[in-house]
Amino acid sequence: MSMRVAVTVNGTEFARDIEPRLLLIHFLRDELGLTGSHWGCDTSNCGSCVVWLDARPVKACTVLAAMTDGRSVRTVEDLERDGQLDPVQQGFIECHGLQCGFCTPGMMMTARWLLDRNPDPAEAEIREAISGQICRCTGYENIVRSVRWAAEHPAHHRGDNL
Amino acid sequence: MQVPSYVEYERASSVEHALALLSRPDHRVLAGGHSLIPMMKLRLAQPGVLVDINGLAELAQIRKDGGVLRIGALARHADLLDSAVAGELYPIVHDAERVVADPIVRLWGTVGGSLCQADPSEDLSAVFAAARATAVIRGQDGDREIPVREFHLGPYETVIGPGELLAEVRVPVHRGVGSAYEKVARRVGDWSVAAVGAVLRLGQDQAIEEAGLGLTAVGAEHFVAAEAEDFLRGRAPDEESFARAAAIAAVHCRPVADQRGPEDYKRHLVAELTIRALRRAAERAAARAGPPR
């Protein structure tokens, strides 16, 4: 039996008829066409599917889309606004924070959340924050540097938390 | 691609609504979902209807209420880790929450979900068993309180029946208590190879009035080292007592060899982690008591 969900994604409300067992990651990618969030290990280990649900990061492979009815979701597509990159995105460019790019959307969503709570995180705090996420290129050094770069260049961050 | 088993979905609008739904056949609580949804993907769980309780904020409170620390079943691991009152009264809770899964999972996984999942390798069962906490189980006819030490019937099985819901965990607050949790895992976010939680209550004479020892992932009945607790009661909180209690705990638990290590290694860990947890619990008990006046 299908059910109706109405969820605000990146500031826009979407309503869809879905099966209750549909995972949030597939809802975002297949129903809404938001393919920025990556579907990786499917076991809540790798974190490439991290999005925000009600302003908290979550592994979207381990949440039912049904659970998001009436709530708000933010995905990597929402980091850039009006052509202006989020400092986290700019940091990943400046510091070569991605190689294959698969883990990148999840890493960036967690990094933005960390910086909103802790604008000047120490290296150890960044490593702790991303410890539930896997970069199989093993590019962690540059990911940490990228997040530090974003912390040091907050100038054009708009502070727009959902 | 892992697709959860076919399921229907209901959202509970109140605790009463949740209890009414849960009294129907084949209805199951959905909280954080971070154990249940993976199990549904693997067909280890195939509930007919999920009852989503995530909107029931009254079940998510963490507060001190008289002589009791009350932790709502729907409190997220991250909320418990952020709770200053929990960390002050029972640092064992913060020790454990720092090593439950990973920071993102902790934002959604719940305290009650961990206890109700009743995984033998889950950390909070040993923590709350060591602290002699009580589980408050709500049903349509009211609440019943069950010691956490009697909450688990075995792996993945608890005393919660149809039409019931774990509402909160109540941890008694005493003077002179120190506590600590020590875990060895192969990597960040992994289950324990073994872990030990210790809660020590020291009397006026600085002897051990009461000891709680919780063991994770080593087959201890009700997650406790009861024989070692018996040994510690009335003794001085010193290295000799700790070493002897550790040896007792290592003998009485029942670890099994698996991909995380052989049996003898796990017994070795139980002994060493028991000493470390007791040592740190005693230091914290002394620090809480403050300098003599």
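The structure this text deals with has already been given above.
Values in this document were obtained by computation on a predicted structure and should not be read as measured data. (Residues numbered from 1 in each chain as written. Chains lettered and ligands numbered in written order. Predicted model: local features only at pLDDT ≥ 70, side-chain atom pairs only at ≥ 80, totals over all residues.)

### Looking at the overall build of chain B
- A count of helices and strands for chain B gives eleven helices and 13 strands.
- Relative to the compact-globule value of 19 Å for 293 residues, chain B shows a C-alpha radius of gyration of 19 Å, a close match.
- By its C-alpha atoms, chain B is 55 × 45 × 30 Å across when sized along the principal axes.
- By residue count, 53% of the 293 residues in chain B fall in the buried class.
- If you take every contact in chain B between residues at least 6 apart in sequence, the share linking residues at least 24 apart comes to 64%. (Helix = DSSP H or I, 4+ residues; strand = E, 2+ residues; numbered from the N terminus. Rg over C-alpha atoms; globule rule 2.2 N^0.38 Å. Buried ≥ 20, exposed ≤ 12 C-beta atoms within 10 Å, placed from the backbone. Contact = placed C-beta atoms within 7 Å.)

### A word on the nonpolar core
- With 146 residues, the main nonpolar core has B:Leu200, B:Leu215, B:Ala249 and B:Val270 as its most contacted residues.
- It is helix α11 (residues 263–289) of chain B that contributes the most residues to this core, ten residues altogether. (Core = buried A, V, L, I, M, F, W, Y, C linked by C-beta atoms within 7 Å.)

### Description of the interface of chain A and chain B
- Facing the 23 residues of chain A at the interface are 22 residues of chain B.
- Elements represented by at least two residues in the side of chain A that touches chain B include exactly β4 (56–59) and α4 (123–129) of chain A.
- Looking at side-chain class alone, the side of chain A that touches chain B contains eleven nonpolar, seven polar and five charged residues. (Nonpolar A, V, L, I, M, F, W, Y, C, P; charged D, E, K, R; others polar.)

### Describing the sheet that holds strand β3 (residues 49–52) of chain B
All names here are of chain B.
- If you walk across this open sheet you meet the three strands as β1-β3-β2, and the pairing is parallel. In this open sheet, the two strands that pair with only one neighbour each are β1 (8–11) and β2 (27–30). Sheet twist, expressed as the mean angle between neighbouring strand axes with direction ignored, is 30 degrees.
- Examined bridge by bridge, β1 and β3 share four bridges and lie parallel to one another. Following the sheet pairing, Glu10 is matched in β3 by Val51. (Pairing = 2+ DSSP bridges. Axes fitted to C-alpha atoms, helices over the stretch in contact; angles between N-to-C directions.)

### Points about the sheet that holds strand β3 (residues 50–53) of chain A
Residue and element names in this part refer to chain A.
- Here five strands make up an open sheet; going across it, the order is β2-β1-β5-β3-β4 and the pairing mixed. The open sheet has two edge strands, β2 (12–18) and β4, and neither has a second partner. Averaged over all pairs of adjacent strands, the angle between their axes in this sheet comes to 40 degrees, without regard to strand direction.
- The sheet contact formed by β3 and β4 spans four bridges and is antiparallel. Bridging across to β4, Val50 finds its partner in Lys59.

### Description of the pairing of strand β5 (residues 68–72) of chain B
Residues and elements named next belong to chain B.
- Pairing between strand β4 (residues 62–65) and β5: four bridges, direction antiparallel. Residue pairing for β5: Ile62 is matched across the bridge by Ile71.
- Here β4 folds back onto β5 in antiparallel fashion, the turn holding two residues, of which Gly66 has a positive phi close to 65 degrees.
- The pairing of β5 with strand β10 (residues 165–172) spans five bridges and is classified as antiparallel. Looking at the pairing, Leu69 lines up with Val171 of β10.

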